[in-house]
Amino acid sequence: IVIAIAMFIDTLDSTIISVAIPSIAESFNIDPVAMKLALTCYLLSLAVFIPISGWIADRYGEKNVFITAITIFTLSSIWCAASPNLPSLIIARTVQGFGGALMMPVGRLIMLRNFSKTEYANAMTLVIAPGLIGPALGPTLGGLILSVASWHWIFLVNIPFGIIEILLAYYYIKPTARQA
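Residues numbered from 1 in each chain as written. Predicted model: local features only at pLDDT ≥ 70, side-chain atom pairs only at ≥ 80, totals over all residues. Heavy atoms only, no water.

(A) Representation of the packing of aromatic side chains in the model. Per the counting criterion, the structure on display carries five aromatic pairs. Here the aromatic rings of Phe49 and Phe98 are separated by 4.9 Å at their centres, their planes lie at 80°, and the arrangement is edge-to-face. Of this pair, Phe49 sits in helix 3 (residues 36–60) while Phe98 sits in helix 5 (residues 86–114); the two residues are 49 residues apart in sequence, bridging distant segments of the chain. A relative accessible area of 23% means that Phe98 is categorised as partly exposed. The lysine or arginine in question, Lys63, covers the ring of Tyr170, its NZ or CZ lying 5.1 Å from the ring centre. (Phe/Tyr/Trp six-rings, centres within 6.5 Å; stacked < 30°, edge-to-face > 60°. Helix = DSSP H or I, 4+ residues; strand = E, 2+ residues; numbered from the N terminus. Buried < 20%, exposed > 50% of the residue type's maximum accessible area, 1.4 Å probe, protein only. Lys NZ or Arg CZ within 6 Å of the ring centre and 35° of its normal.)

Take a look at the structure:
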């Protein structure tokens, strides 16, 4: 469940911003087309940093890296919401993508190291399902949020998930022998 929540918030965040582009662009007094950087920098950051996530987890411990990743993701969500202009949002989204890049593969690594081969397939099914729902739910949830609040809440919705996730990870993820 801990890993499933992380997968959900990471994949949700990749699509929830899409419906807020006109609102953010208007707030920043820029052309909505200029907002494409805010969309792609998150995904680009994921693509760039996913390959090193396993090495980082091996070096610093899966549990530590996972909790750090969630913390980075959550704090950068606050930064995204507080961004006063497009360059600030682009940097915040890039940092948020870095946190997401560590969350997803390290979460899978935790699953791999904590479940037997027979349990792993069933456990991954429970993790993948919320991860698949996130991108589908993102635009709908984003539209719902925008109908009652400002675009800032698109990012602030991550905060309660992040705090709950950090606490759950701290208490329920067991450190590997080399981390203890």
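Read on, since the account is not over.
(B) Broad picture of a nonpolar patch on the surface. On the surface, Ile163, Leu167, Tyr170, Tyr171 and Tyr172 cluster together into a nonpolar patch covering about 640 Å² of accessible area. Structurally, Tyr170 is set in helix 8 (residues 158–172). Judged by its relative accessible area of 51%, Tyr170 falls in the exposed class. (Patch = residues over 30% accessible without salt bridge, like charges linked within 9 Å, V, L, I, M, F, W, Y side chains within 5 Å. Areas by Shrake-Rupley, 256 points an atom, 1.4 Å probe, with all protein chains shown as cover. Salt bridge = Lys/Arg side-chain N within 4 Å of Asp/Glu carboxyl O.)

(C) How the structure looks around the side chain of Ser88. Inspection of the secondary structure puts Ser88 in helix 5. Among the residues examined, Ser88 registers a relative accessible area of 15% and is labelled buried. Within the structure, Ser88 has its side chain in polar contact with the side chain of Ser83 (distance 3.3 Å). Excluding its chain neighbours within four sequence positions, the residues that come into contact with Ser88 are Trp79 and Ser83. (Polar contact = N/O pair within 3.5 Å; in protein donor to acceptor, adjacent residues only side chain to side chain. Contact = heavy atoms within 4.5 Å.)

(D) Structural detail: the nonpolar core. Of all hydrophobic cores here, the largest spans 51 residues; its most connected members are Ile3, Ile24, Met35, Phe66, Leu89, Met103 and Phe155. Mapped by element, the contributors of at least two residues to this core are helix 1 (2–16), helix 2 (21–28), helix 3, helix 4 (62–82), helix 5, helix 6 (117–148) and helix 7 (152–156). Counting residues per element, this core draws most heavily on helix 5, which supplies 12 residues. Not counting residues within four places of it along the chain, the set of residues in contact with Phe155 comprises Ile17, Ile24, Ser77, Cys80, Ala81, Leu89, Arg93 and Gln96. (Core = buried A, V, L, I, M, F, W, Y, C linked by side-chain atoms within 4.5 Å.)

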